[in-house]
Amino acid sequence: TLFRSVDPIMEKFNASISYDQRMWKADILGSQAYVKALEKSRLVTKAEMEQIVTGLDQISEEWSKGTFVVTKGDEDIHTANERRLKELIGEAAGKLHTGRSRNDQVVTDMRLWLRGSCTSLSSYLMQLIQTMVDRAAIEIDILFPGYTHLQRAQPIRWSHWILSHAVALSRDLERLREVQKRVNVLPLGSGAIAGNPLGVDRQLLCEELNFDAISLNSMDATSDRDFVAEFLFWASLCLTHLSKMAEDLIIYSTKEFGFVTLSDAYSTGSSLMPQKKNPDSLELIRSKAGRVLGRCSGFLVTLKGLPSTYNKDLQEDKEAMFDVYDTICAVLQVATGVISTLAINKDAMEKALSPDMLATDIAYYLVRKGMPFRQAHGVSGKAVHLAETKGVSVESLSLEDLKGLSSLFEKDVSQVWNYTNSVEQYTAPGGTAKSSVKVQIEQLKTWMTRMEQHKD
């Protein structure tokens, strides 16, 4: 090195071993593949290759058992593993880094680690969607108010609400699979910037490490963190969906609504007010969305001002990636627990339905009698206004009152004042009629089966 000594504060500031050591397995796998490529290019002997592979296996065992000792000079996981390898096998360890830079080594480790992590997240997300679909199938006959602008809008099925969030999460799972494909590109063999000058077989590396493709340009390969930014954005969007669902459930769990009750396993009491049951699990899910969004925007700001190829600023990628992974892992598992243990209050849901929510149904009634919708909408509004003027609910208006607004009203208008009849008219695909909701459930089940079959 050109530098005789580094300030201890700078050493600590520069080091990443405290967090990047969780990539120990990926680092060892990458090194074992690389030494095989070196042997094929006759840059190490077969005996040296076997010695290095065996030494790395021993290091892997130490990490697995928790006996690996990180020393003061270990700046990162790469130097730690190489230092330990030299202690175990001697000078042959120095050949492992032939033609390899930490620039292509670290991004290879990250891609290996994130590839496996995406698989874990897919499993957690699928479990949550499955839980939601199962619940929707069981509770399909329960009706409650649907809201727009947080105002009562139209009667819907509780299952329709559940599925609205399950469908958003299904897009998240598809999006995660797409991210994983772009993660699975091999950068190893790119060197620091200009490539590898020693004839290392990158196709061999690709096959050994089970990558789908080889990076096209060495300068891009060592500095590309699109896959990290894309993962952070994916997590931000997924958590935005979960935050919205959590917000709904927080509102529904208040005494003012009383639609749902959280399990004790996912709520806490007040430190002062014994009557309270706080939806902490849902509030934390909502807050974690802000945390992850911050990680995403912060990392993009770091990237935007960088010159070409590798710069030390990119060290910020790992803490963001690890933190977001840990956060969304926890959120998905807690969300699954909340949904699977949630108690619903059917009576409160049905009592919250009110005749004014059927105002649109009056318009549809008139449309079926031949009235243009805009005109029917106006008559419906007049019916609501008339009821308010008389101080009664709209279904209490007499047939004579309604005929005063339109001669198209007949005795059969009484069928409008039935909430089940209301939801059952929405039979078009995607609607809240029972037949439509059943189709949605079946389509999601078919989709889940297909996703399970193609998860690799």
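Refer to the structure above for everything that follows.
Note that the structure is a prediction, hence the values are computed from the model and not measured.

Novice: Run through the overall build of the chain, naming residues and quoting values.
Specialist: A tally of helices and strands in the chain yields 18 helices and 8 strands. The globule rule puts the C-alpha radius of gyration for 456 residues at 23 Å, and the 30 Å found for the chain is more than 25% above it. Taking the principal axes of the C-alpha coordinates as reference, the chain spans close to 100 × 55 × 40 Å. Here the chain, with 456 residues, has 48% of them falling under the buried criterion. Long-range pairs, those at least 24 residues apart, make up 75% of the contacts in the chain with a sequence separation of at least 6. Once the 53 positive and 58 negative side-chain charges of the chain are each reduced to a mean point, those two points are 2 Å apart.

Novice: Could you give me a rundown of helix α15 (residues 373-390), with the residues and numbers involved?
Specialist: Since one α-helical turn is 3.6 residues long, residues separated by three or four positions face the same way. Over its 18 residues, α15 runs 26 Å from end to end, which matches the ideal 26 Å to within 8%, given 1.5 Å per residue. Restricting attention to buried positions, one finds in α15 the residues Ala376, Val379, Ser380, Ala383 and Ala387. Along α15, the residues classed as buried sweep out an arc of 105° about the axis, all on the same side. Exposed positions of α15 whose direction lies more than 90 degrees from the buried face are Arg374, Lys382, His385, Glu388 and Thr389.

Novice: Please set out unusual backbone geometry residue by residue, giving values where relevant.
Specialist: Positive phi, close to 60°, is recorded for Arg42, a residue that is not glycine. Structurally, the position occupied by Arg42 is in the loop between α3 (24-40) and α4 (46-65). Of note in the backbone geometry, His149 takes a positive phi value of approximately 55° without being a glycine. Mapped onto the elements of the fold, His149 is located in the loop between β1 (143-148) and β2 (151-157).

Novice: Quick rundown of the packing of aromatic side chains? Include the residues and the values.
Specialist: A ring pair, where both rings are aromatic, is described by two values, the distance of the centres and the angle of the planes. Evaluation of the coordinates by the stated rule reveals 18 aromatic pairs. A ring pair is formed by Trp113 and Phe322, whose centres lie 4.8 Å apart and whose planes are at 80°; its orientation type is edge-to-face. With Trp113 in helix α6 (residues 102-138) and Phe322 in helix α12 (residues 316-341), this residue pair connects regions lying 209 residues apart in the sequence. Owing to a relative accessible area of 13%, Trp113 belongs among the buried residues under this scheme. You can call Phe322 buried: its relative accessible area is 3%. A network of ring pairs unites the aromatic residues Phe144, Tyr147, Trp158, Trp161, Tyr252, Phe257 and Phe259 as a single cluster.

Novice: Break down helix α18 (residues 434-453) for me, with residues and values.
Specialist: Along its 20 residues, α18 runs 29 Å from first to last C-alpha, staying within 8% of the 28 Å computed at 1.5 Å per residue. The inward-facing, buried residues of α18 contact α6, β2 and α7 (158-183).

Novice: Report on a nonpolar patch on the surface, specifying residues and quantitative values.
Specialist: On the surface, Val6, Met10 and Phe13 cluster together into a nonpolar patch covering about 330 Å² of accessible area. Secondary-structure assignment places Met10 in helix α1 (residues 8-14).

Novice: How would you explain the packing of α6 against α12 if you had to name every residue and give the values?
Specialist: To describe two helices that pack against each other, one gives the angle between their axes and the distance between the axes. The N-to-C vectors of α6 and α12 enclose an angle of 15°; their axes lie 9 Å apart at closest approach. Here α6 is positioned roughly parallel relative to α12, judged by the angle of their axes. Crossing angle aside, the handedness with which α6 passes α12 is left-handed. Residue composition of the contact of α6 with α12, by class: 17 nonpolar, 8 polar and 3 charged.

Novice: Summarise the environment of Gly370; cite the residues concerned and give the values.
Specialist: As for its placement among the helices and strands, Gly370 is situated in the loop between α14 (359-368) and α15. Residue classification places Gly370 among the exposed positions, given a relative accessible area of 61%.

Novice: Please give an account of the nonpolar core that cites residues and values.
Specialist: Counting residues in hydrophobic clusters, the biggest one holds 77 residues, and the most contacted among them are Trp158, Phe231, Trp234, Leu242 and Leu249. Put simply, the parts of the chain that give this core at least two residues each are α6, α7, α10 (226-253), α11 (280-304), α12, α13 (346-351) and α18. For this core, the element with the most residues is α10, which contributes 16 residues. Tyr34, Ala37, Ala93 and Val200 belong to the second largest nonpolar core, which has 33 residues in total.

Novice: Report on the pairing of β1, specifying residues and quantitative values.
Specialist: Bridge count for β1 against β2 is 6 bridges, and the pairing is antiparallel. Paired with Tyr147 across the strands is Arg152, a residue of β2. What sits between β1 and β2 in their antiparallel hairpin is a turn of 2 residues, with His149 showing a positive phi close to 55°.

Novice: How would you summarise the pattern of salt bridges if you had to cite specific residues and measurements?
Specialist: A complete count under the given rule lists 29 salt bridges for this structure. The salt bridge partner of Asp323 is Arg295, with a shortest N-O separation of 3.0 Å. Of this pair, Asp323 sits in helix α12 while Arg295 sits in helix α11, and the two are 28 residues apart along the sequence. Judged by relative accessible area, Asp323 falls into the buried class, the value being 12%.

Novice: Account for the environment of Ala359, naming residues and giving values.
Specialist: Examined against the element boundaries, Ala359 turns out to sit in helix α14. Exposure remark for Ala359: the relative accessible area of 16% places this residue in the buried category. A sequence separation of 22 residues divides Ala359 from Gly381, and the C-alpha atoms of the two residues are 7.4 Å apart.

Novice: Any chance you could break down the packing of α6 against α7 for me, citing the residues and the numbers?
Specialist: At a minimum axis distance of 9 Å, the contact between α6 and α7 shows a crossing angle of 165°. Overall, the two elements α6 and α7 adopt an arrangement that is roughly antiparallel. In the crossing of α6 with α7, the sense of the turn from one axis to the other is left-handed. Looking at the contact of α6 with α7 residue by residue, the classes come out as 17 nonpolar, 6 polar and 6 charged.

Novice: Help me get a handle on the side chain of His78, residues and values and all.
Specialist: Looking at where His78 falls in the secondary structure, it is placed in helix α5 (residues 77-89). Relative accessible area serves as the criterion here: at 5%, His78 is assigned to the buried category. When residues no more than four places from it in sequence are discounted, the contact partners of His78 are Asp27, Arg102, Gln105, Val106 and Asp109.

Procedures and definitions
- Residues numbered from 1 in each chain as written.
- Predicted model: local features only at pLDDT ≥ 70, side-chain atom pairs only at ≥ 80, totals over all residues.
- Heavy atoms only, no water.
- Helix = DSSP H or I, 4+ residues; strand = E, 2+ residues; numbered from the N terminus.
- Rg over C-alpha atoms; globule rule 2.2 N^0.38 Å.
- Buried < 20%, exposed > 50% of the residue type's maximum accessible area, 1.4 Å probe, protein only.
- Contact = heavy atoms within 4.5 Å.
- Lys, Arg positive; Asp, Glu negative; His and termini not counted.
- Charge placed at Lys NZ, Arg CZ, Asp CG, Glu CD.
- Expected span 1.5 Å × (residues − 1).
- Arc of directions from axis to C-beta.
- Phe/Tyr/Trp six-rings, centres within 6.5 Å; stacked < 30°, edge-to-face > 60°.
- Patch = residues over 30% accessible without salt bridge, like charges linked within 9 Å, V, L, I, M, F, W, Y side chains within 5 Å.
- Areas by Shrake-Rupley, 256 points an atom, 1.4 Å probe, with all protein chains shown as cover.
- Salt bridge = Lys/Arg side-chain N within 4 Å of Asp/Glu carboxyl O.
- Axes fitted to C-alpha atoms, helices over the stretch in contact; angles between N-to-C directions.
- Parallel < 35°, antiparallel > 145°, perpendicular 65-115°, else oblique.
- Left-handed = near helix turned anticlockwise from the far one by under 90°.
- Nonpolar A, V, L, I, M, F, W, Y, C, P; charged D, E, K, R; others polar.
- Core = buried A, V, L, I, M, F, W, Y, C linked by side-chain atoms within 4.5 Å.
- Pairing = 2+ DSSP bridges.

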